[in-house]
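In case you want the letters, here they are:
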Amino acid sequence: VWARLTARYWRRPDVHLGAGSSAGAPALRAAIASYVTGARGARCTPDQVLVVNGAQQGLDLVARALLDPGDRVWIEDPGYIGARVAFVAAGAALIPVRVDADGLDVSAGERAGPGARMAYVTPSHQFPLGAVMSAPRRLALLAWARRTGAWIVEDDYDSEFRYAGRPLACLQGLDADQRAPAEAARVLYVGTFGKTLAPGLRLGYVVVPEELIDGVRAVRAATDRHSPVVAQDILADFIGEGHYARHLRRVRALYAERQEMLLDAARSELGGLITLAPDPAGLHLVGWLPDGVDDGRAAVAAAAEGVDVVPLSRSFLDPEARRGERGALLLGYAAFDRDAISAGVRRLRRALVAARHVASS
Ligand SMILES: Cc1ncc(COP(=O)(O)O)c(C=O)c1O
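Keep in mind that what you see is a predicted model, and the values were worked out from it rather than measured.

Student: Even after reading the chapter, I still don't get the overall build of the protein, so can you show me in this structure?
Tutor: Assigned secondary structure in the protein consists of 13 helices and twelve strands. On C-alpha atoms alone, the protein measures out to a radius of gyration of 21 Å, which is about the 21 Å that the 2.2 N^0.38 rule sets for 361 residues. Taking the principal axes of its C-alpha atoms as reference, the protein extends roughly 65 × 55 × 35 Å. Counting the 361 residues in the protein, one finds 52% classified as buried. Look at the contacts in the protein between residues 6 or more apart in sequence, and 72% of them connect residues 24 or more apart. Accessible surface, the protein as shown: approximately 15,900 Å² in total, 53% of it carbon and sulfur.

Student: What should I look at first to understand the pairing of strand β5 (residues 118-121) in this one?
Tutor: On a regular strand, each side chain points to the face opposite its neighbour's, so the side chains alternate between the two faces of the sheet. Burial of β5 is two-sided: the residues M118 and Y120 facing one way and the residues A119 and V121 facing the other way are all buried. As paired elements, strand β2 (residues 72-77) and β5 share three bridges and run parallel to each other. Residue W74 lies in a different strand from β5, and its bridge partner there is A119. Two elements, β5 and strand β6 (residues 151-155), share four bridges in a ladder whose sense is parallel.

Student: What should I look at first to understand the environment of G149 in this one?
Tutor: Summarising the element assignment, G149 is placed in the loop between α6 (135-148) and β6. Along the primary structure G149 and A185 are separated by 36 residues, whereas in three dimensions their C-alpha atoms are 9.7 Å apart. Aside from chain neighbours lying at most four places away, what touches G149 is R117 and R186.

Student: It is not clear to me how the pattern of salt bridges should be interpreted in this structure. Could you clarify?
Tutor: Where charged atoms of side chains with opposite charge meet at close range, the side chains can pair. One pass over the structure, following the stated rule, counts 19 salt bridges. One salt bridge connects D264 with R267, and the closest N-O pair in it is separated by 2.7 Å. Of this pair, D264 and R267 are both found in helix α10 (residues 243-269), three residues apart, which corresponds to roughly one turn of the helix. According to the relative accessible area criterion, D264 is partly exposed, its value standing at 42%. Judged by its relative accessible area of 57%, R267 is exposed. The salt bridge involving E320 is made with R323; its shortest N-O contact spans 2.8 Å. Of this pair, E320 and R323 are both found in helix α12 (residues 319-324), three residues apart, which corresponds to roughly one turn of the helix.

Student: Would you mind going over the nonpolar core with me for this structure?
Tutor: Nonpolar side chains in soluble globular proteins tend to end up buried together. Formed by 32 residues in total, the largest nonpolar core has its most connected members in L262, L270, I274, L276, L329, L331 and L352. If you list the elements that add at least two residues to this core, you get α10, α11 (295-304), β12 (328-332) and α13 (338-360). Of all the elements, α10 adds the most residues to this core, at seven residues. Not counting residues within four places of it along the chain, the set of residues in contact with I274 comprises G287, W288, L289, L329, L331 and L352. Judged by nonpolar contacts, the second largest core, of 30 residues, contains L50, A63, L66 and V206.

Student: When you look at the packing of aromatic side chains in this model, what are you seeing that I'm missing?
Tutor: Aromatic ring pairs are reported here in terms of the distance separating the ring centres and the angle at which the planes meet. Applying the stated criterion to the full structure yields nine aromatic pairs. Their ring planes at 20 degrees and their centres at 3.9 Å tell us that W74 and W144 sit as a pair that is stacked. Taken together, the residues span a long stretch of sequence, with W74 in strand β2 and W144 in helix α6 at a distance of 70 residues. Summarising the burial analysis for this pair, W74 and W144 share the class buried. Summarising the aromatic geometry, the rings of F87 and Y120 are spaced 6.0 Å apart at their centres and angled 65 degrees between planes, so their arrangement reads as edge-to-face. Placement of F87 in helix α4 (residues 81-89) and of Y120 in strand β5 is noted, with a sequence separation of 33 residues between them. Looking at F87, the relative accessible area reads 0%, which means it is buried. By the ring-pair criterion, three or more aromatic residues cluster together here, those being Y35, F193, Y205 and Y244. Note that R186 overlies the ring of W151, its terminal NZ or CZ placed 4.1 Å from the centroid.

Student: Sorry if this is basic, but what is going on with empty space enclosed by the protein here?
Tutor: In this approach the atoms are scanned with a rolling probe the size of a water molecule, which exposes any empty space left behind. Within the structure shown, the criterion is met by one cavity of 30 Å³ or more. By volume, the largest cavity amounts to about 50 Å³. Its residues placed into classes, the lining of the largest cavity shows three nonpolar, two polar and three charged.

Student: Explanation requested: helix α2 (residues 26-40) in the structure shown.
Tutor: For an α-helix, 3.6 residues make a turn, and residues three or four places apart therefore share a direction. In this model, α2 (15 residues) spans 20 Å end to end at C-alpha, consistent with the 21 Å of a helix rising 1.5 Å per residue. Among all positions in α2, only L28, R29, A31, I32, A33, Y35, V36 and R40 are buried. Along its buried surface, α2 packs onto β1 (49-52), β7 (187-192), β8 (204-207), α8 (213-224), α9 (229-240) and α10. Looking one or two places after α2, you find G41, whose phi comes out positive at around 70 degrees.

Cut-off values and rules
- Residues numbered from 1 in each chain as written.
- Predicted model: local features only at pLDDT ≥ 70, side-chain atom pairs only at ≥ 80, totals over all residues.
- Heavy atoms only, no water.
- Helix = DSSP H or I, 4+ residues; strand = E, 2+ residues; numbered from the N terminus.
- Rg over C-alpha atoms; globule rule 2.2 N^0.38 Å.
- Buried < 20%, exposed > 50% of the residue type's maximum accessible area, 1.4 Å probe, protein only.
- Contact = heavy atoms within 4.5 Å.
- Areas by Shrake-Rupley, 256 points an atom, 1.4 Å probe, with all protein chains shown as cover.
- Pairing = 2+ DSSP bridges.
- Salt bridge = Lys/Arg side-chain N within 4 Å of Asp/Glu carboxyl O.
- Core = buried A, V, L, I, M, F, W, Y, C linked by side-chain atoms within 4.5 Å.
- Phe/Tyr/Trp six-rings, centres within 6.5 Å; stacked < 30°, edge-to-face > 60°.
- Lys NZ or Arg CZ within 6 Å of the ring centre and 35° of its normal.
- 1 Å grid on protein atoms, 1.4 Å probe; cavity = no way out; pocket = protein on both sides within 12 Å on 5 of 7 lines; lining within 4 Å.
- Points joined across faces, edges and corners; volume = space filled by probe spheres on them.
- Nonpolar A, V, L, I, M, F, W, Y, C, P; charged D, E, K, R; others polar.
- Expected span 1.5 Å × (residues − 1).

What is shown is where atoms sit, not what they do.
Below, the structure is given as structure tokens:
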């Protein structure tokens, strides 16, 4: 379908090859506004949507548009390294804030980082541990932002992949529902097509409060003007003609199956070496290692067997928090079919046997 839509555009005599808007192609912005409103409970107009080259550019733009060097930013710990580096590049002082089963601990943030200008959260499915931010925590975070005038950056990177239960509406929508008419919106919502379509497509979006539209657009125009126009037009058609919704339904079922395949393979091959718990959402599982097994070493051993896994310890900013946590590996499963998952798990077994041997010697 993508090839057909692409050909349709490039064959058209009037294909749009002039420069585009720094906010994005109008048709795509309208399609995104309608999608996030209908599927994610966001509240926005197409004017508030800025098309970007993936979530990473969204985080970078938001950081540069809203932060001054030295500004404090709360960041989930453990958390997403891509967000960390974007905020550091803007000169922010990062305040690691612990996460638990209810998501980011807002009181811990208030103690550790008073006066922060911004908080970065993944409330739908905390990266990497997977918690869904609870309703009381969401309300507390919004109340904090309103009280202090801070911004909340909501990274909704993989919310399309919820396999059980009803998806929770996003924080951006809750902010809109909660606030009084005179109160300003506090949430910048970042989404990506990197997880649902392909990371190499480099297309994502930021939904910004009305008062920030001009500022964020100006930073975008100064950075790289806009995302490639034809790719945006193709994506707008892909969504508008219903292919995106169909694709999401298909891959959601496929990735749920693949998670089952990984769990089955781990049950039969990896007993005693790593503990995987099912996750009702996302594209990866967290595999906890036995006490004493260093996850960095385990990841190196896995790489030597040709298996690419990420050690959980890398996601921690605060060294104390890292030391207090057991080692774990983040195992992506969505991109692999049954044969690749079985072969990968057998290789991982060899790596983990070797890592356990090192730990006990
Ligand atoms: C937490 C989180 N946010 C965002 C992204 C997506 O980034 P991008 O759209 O830049 O590929 C990822 C991808 O790995 C991620 O894990």
